[in-house]
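# Secondary and tertiary structure notes
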Amino acid sequence: MTLAGVLGLVAALLLVAPAAAGADRARDLADLGDRTSAEARQRGARGLGRTGTMDDLPSLVRALRDTDAEVRASSEASMWEIWSRSGDAEIDRLFARGVEQMTAHEAEAAVQTFSRIIQRRPDFAEGWNKRATLYYLLGDYERSLADCDEVMRRNPYHFGALSGYGMIFMRLGQPETALGYFERALTINPNLSQVEEAVRLLREILIQKRKDTI
């Protein structure tokens with residue numbers, strides 16, 4: 001094959017790959033919207049973890065209220081998968097390294113890794129979210145709150161960051177503010193059992209507190 005032929009083949013493959021990916025995404029979205037088959041919705045919810053984009057979050061948020069438990073669980077998992085893709089292979093490799101450092105309890109090193117990600121791709125919300133989590137674990141609540149703000153500016157569906165706000169304000173002794181953020185997280189994702197329990201306890205605490213002031 002001539003050089004021109006090779007280059008033509010490469011160009012054709014580059015055109016086919018995005019088209020195939022787009023078709024897979026369209027199929028997954030159609031399956032997720034199939035009101036007659038829970039199996040199809042399960043398949044679509046799982047598939048969007050691989051093919052979905054940030055534009056698909058509204059569809060996945062709706063699926064968090066599906067009557068089928070597996071659809072709900074797969075939709076939540078797929079949202080996290082989508083959030084963890086930056087669209088840049090090098091940034092994604094750096095992100096994976098940061099997650100490994102978090103898992104190994106190398107918090108300071110992980111902060112540096114996610115700071116590099118933020119510097120290079122400030123539009124990537126999950127870089128901010130991971131650093132916010134690390135600052136929370138390190139007890140630096142002011143910086144954690146600031147990073148949560150950055151997450152929500154870029155991804156208003158991020159129930160994880162909203163839950164993070166709640167945890168921070170509980171640490172800061174502000175239960176009413178914490179309750180508000182936990183309730184916002186549940187508005188997006190009603191399947192957060194630990195957040196639901198925190199809301200129940202906080203409501204009881206606040207009711208008792210009001211009684212004590214009467």
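Our subject is the structure listed above.
Right, let's walk through the structure included here.

## Examining the nonpolar core
Membership of the largest hydrophobic core comes to 39 residues, with the highest contact counts inside it found for Leu32, Met79, Phe159, Leu162, Tyr165 and Phe182. Listing elements by their share of this core, those giving two or more residues are helix H2 (38–51), helix H3 (57–63), helix H4 (69–83), helix H7 (125–137), helix H8 (141–154), helix H9 (159–171), helix H10 (175–188) and helix H11 (193–213). At 7 residues, the largest contribution of residues to this core is made by H10. Setting aside chain neighbours within four positions, we find Phe182 in contact with Ser163, Gly166, Met167, Met170, Val195, Ala198, Val199 and Leu202. In terms of nonpolar packing, the next biggest core, distinct from the first, is built from 12 residues, Ala110, Phe114, Ile117 and Leu134 among them.

## Here's the deal with the environment of Ala185
Checked against the element boundaries, Ala185 lands in helix H10. Sequence separation between Ala185 and Gly166 is 19 residues, and the spatial gap between their C-alpha atoms is 9.0 Å.

## Observations regarding the side chain of Ser74
Looking at the secondary structure, you find Ser74 in helix H4. By relative accessible area, which is 12% here, Ser74 ends up buried. When sequence neighbours within four positions are dropped, the list of residues in contact with Ser74 reads Ala45 and Arg46.

## Focus on the pattern of salt bridges
By the definition in use, this model includes 18 salt bridges. The closest approach of N and O atoms between Arg153 and Glu150, which form a salt bridge, is 3.0 Å. One end of the pair, Arg153, and the other, Glu150, are both in helix H8, 3 residues apart, so they sit about a helical turn from each other. Residue Glu204 pairs with Arg200 through a salt bridge whose shortest N-O separation is 2.7 Å. With Glu204 and Arg200 both in helix H11 and 4 residues apart, the pair spans about one turn of that helix. Since its relative accessible area comes to 45%, Glu204 is described here as partly exposed. Under the relative-accessibility criterion, Arg200 is labelled partly exposed at 38%.

## Some thoughts on the environment of Trp80
Assignment of secondary structure puts Trp80 in helix H4. Taking the C-alpha atoms as reference points, Trp80 and Gly160, separated by 80 residues in sequence, lie 9.3 Å from one another. Those residues in contact with Trp80 that sit more than four places away from it in its chain are Glu126, Asn129, Lys130, His158, Phe159 and Gly160.

## Looking at the packing of H2 against H4
Interhelical geometry of H2 versus H4 gives an angle of 15° and a closest axis separation of 7 Å. It follows from the interaxial angle that H2 and H4 lie roughly parallel. Pair H2 / H4 crosses with left-handed handedness. The segment H2 lies against H4, with Ala38, Arg41, Gln42, Ala45, Arg46, Leu48, Gly49 and Arg50 engaging Glu70, Val71, Ser74, Ser75, Ser78, Glu81 and Ile82. Residue composition of the contact of H2 with H4, by class: 5 nonpolar, 5 polar and 5 charged.

## Considerations on H11
Across its 21 residues, H11 extends 31 Å between first and last C-alpha, which sits within 8% of the 30 Å expected from 1.5 Å per residue. Within the span of H11, buried status applies to Val195, Ala198, Val199, Leu202 and Leu206. Projected down its long axis, H11 carries its buried residues within an arc of 100°, all on one side. Along H11, exposed side chains directed more than 90 degrees from the buried face belong to Ser193, Lys211 and Asp212.

## Concerning H2
For H2, built from 14 residues, the straight-helix expectation of 20 Å at 1.5 Å per residue is met to within 8% by its first-to-last C-alpha distance of 19 Å. Listed in full, the buried residues belonging to H2 are Ala40, Arg41, Gln42, Gly44, Ala45, Gly47, Leu48, Gly49 and Thr51.

## Brief notes about the packing of aromatic side chains
Taken as a whole and judged by the stated rule, the model has 8 aromatic pairs. Arranged with centres 5.8 Å apart and planes meeting at 45°, the rings of Tyr136 and Tyr141 form a pair that is tilted. With a centroid separation of 5.7 Å and an interplanar angle of 0°, the aromatic rings of Phe169 and Tyr181 are classed as stacked. Pair noted here: Phe169 is in helix H9 and Tyr181 is in helix H10, with a separation of 12 residues, a long-range link. The two residues Phe169 and Tyr181 agree in class, both being buried. Three or more aromatic residues joined by ring pairs make a cluster, and in this case those are Trp80, Trp83 and Phe159.

Conventions and cut-offs
Residues numbered from 1 in each chain as written. Predicted model: local features only at pLDDT ≥ 70, side-chain atom pairs only at ≥ 80, totals over all residues. Heavy atoms only, no water. Core = buried A, V, L, I, M, F, W, Y, C linked by side-chain atoms within 4.5 Å. Buried < 20%, exposed > 50% of the residue type's maximum accessible area, 1.4 Å probe, protein only. Helix = DSSP H or I, 4+ residues; strand = E, 2+ residues; numbered from the N terminus. Contact = heavy atoms within 4.5 Å. Salt bridge = Lys/Arg side-chain N within 4 Å of Asp/Glu carboxyl O. Axes fitted to C-alpha atoms, helices over the stretch in contact; angles between N-to-C directions. Parallel < 35°, antiparallel > 145°, perpendicular 65-115°, else oblique. Left-handed = near helix turned anticlockwise from the far one by under 90°. Nonpolar A, V, L, I, M, F, W, Y, C, P; charged D, E, K, R; others polar. Expected span 1.5 Å × (residues − 1). Arc of directions from axis to C-beta. Phe/Tyr/Trp six-rings, centres within 6.5 Å; stacked < 30°, edge-to-face > 60°.

Read these as geometric descriptors, not functional statements.
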